[in-house]
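Reading the structure
Next come the chains, spelled out residue by residue.
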Amino acid sequence: MGYFEMTRTVLRNLVRGPATRQYPAVPARTGPFTRGHVTFDPTTCRSCGLCSRRCPCEAIRIEKEEKVWEIDRMRCVACGDCVEGCPFGSLTMEPEYFPPVVEHVVERHTITYVKPEKPEKKPKEESAGTGA
Ligand code: SF4
Ligand code: SF4
């Protein structure tokens, strides 16, 4: 019985061929929920920094003074946390995968709006005023 089952499985696999695909020679199968890669829209970004704080891999870096938003593609694991957390819809998860790379890729964008720093609070004694 065991030999019969094994022979049947071997023959079935020989006829059907391998279950895996030879990506990237053969395109990967993707669906609407495939997490391929993150895209960024610099025109809507408000440099709040939430994406950078939420990223578990420290793949996103924001330099407000230089007006730069960066994503390190080698660090990103496409978890989608930054996309979910962006309050301005500047990040999107696209289903297509990036082609395999052999070199370190850091994608750099220039952001147009930089959130101003909050003014420092005055100490209570000064803000109390001198009247009375
Ligand atoms: S991409 Fe979104 S979450 Fe990240 S800094 Fe810009 S607005 Fe904030
Ligand atoms: S998808 Fe995940 S790992 Fe990639 S940048 Fe966003 S939060 Fe970081």
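As a reminder, the structure under discussion sits directly above these lines.
Definitions and cut-offs
- Residues numbered from 1 in each chain as written.
- Chains lettered and ligands numbered in written order.
- Predicted model: local features only at pLDDT ≥ 70, side-chain atom pairs only at ≥ 80, totals over all residues.
- Heavy atoms only, no water.
- Buried < 20%, exposed > 50% of the residue type's maximum accessible area, 1.4 Å probe, protein only.
- Helix = DSSP H or I, 4+ residues; strand = E, 2+ residues; numbered from the N terminus.
- Pairing = 2+ DSSP bridges.
- Near = heavy atom within 4 Å.
- Nonpolar A, V, L, I, M, F, W, Y, C, P; charged D, E, K, R; others polar.
- Patch = residues over 30% accessible without salt bridge, like charges linked within 9 Å, V, L, I, M, F, W, Y side chains within 5 Å.
- Areas by Shrake-Rupley, 256 points an atom, 1.4 Å probe, with all protein chains shown as cover.
- Salt bridge = Lys/Arg side-chain N within 4 Å of Asp/Glu carboxyl O.
- Core = buried A, V, L, I, M, F, W, Y, C linked by side-chain atoms within 4.5 Å.
- Contact = heavy atoms within 4.5 Å.
- Phe/Tyr/Trp six-rings, centres within 6.5 Å; stacked < 30°, edge-to-face > 60°.

Burial along strand β2 (residues 60–63) is one-sided: the face carrying Ile60 and Ile62 is buried and the face carrying Arg61 and Glu63 is not. The pairing of β2 with strand β3 (residues 68–72) spans four bridges and is antiparallel. Residue pairing in the sheet places Arg61 in a bridge with Glu70 of β3. The hairpin turn running from β2 into β3, its antiparallel successor, is four residues long, and Lys67 in that turn takes a positive phi close to 55°.

Taken together, 14 residues sit near ligand 2, with Cys55, Cys76, Cys79, Gly80 and Cys82 positioned nearest. Classifying every residue of the shell around ligand 2 by side-chain character gives 12 nonpolar, one polar and one charged.

Omega for the bond connecting Tyr23 with Pro24 falls within 30 degrees of zero, at 10°, which places this linkage in the cis form. Following the sequence through the fold, Pro24 ends up in the loop between α1 (2–16) and β1 (37–40). The backbone of Ser47 sits at a positive phi, close to 50°, despite the residue not being glycine. Topologically, Ser47 is positioned in the loop between β1 and α2 (50–54). Within the chain, Lys67 stands out as a residue other than glycine whose phi angle is a positive 55°.

Looking now at a nonpolar patch on the surface. Taken together, the side chains of Tyr3, Met6, Val10, Leu11, Leu14 and Val15 make up a nonpolar region of the molecular surface, amounting to roughly 730 Å² of accessible area. Leu14 gets classed as exposed once you look at its relative accessible area, which sits at 64%.

What follows deals with the nonpolar core. Grouped together as the largest cluster of nonpolar side chains are 14 residues, with contacts concentrated most on Val38, Phe40, Cys51, Ile60, Trp69, Cys82 and Leu91. Of all the secondary-structure elements, those providing two or more residues to this core are β1, β2, β3 and β4 (91–94). When neighbours within four sequence positions are excluded, Trp69 is seen to be in contact with Phe40, Cys51, Ile60, Arg61, Ile62, Leu91, Glu107, Arg108, His109 and Ile111.

Glancing now at the packing of aromatic side chains. Inspection of the entire model under this criterion finds two aromatic pairs. On the basis of an interplanar angle of 70° and a centroid distance of 6.2 Å, the ring pair of Tyr23 and Tyr97 is categorised as edge-to-face. Here Tyr23 is found in the loop between α1 and β1, whereas its partner Tyr97 is found in the loop between β4 and β5 (106–110), with 74 residues between them in sequence. Judged by relative accessible area, Tyr97 falls into the partly exposed class, the value being 39%. Considering the side-chain rings of Phe40 and Trp69, the 3.8 Å spacing of their centres and the 5° angle between planes classify their relative orientation as stacked. Of the two residues, Phe40 sits in strand β1 while Trp69 sits in strand β3, which places them 29 residues apart along the sequence.

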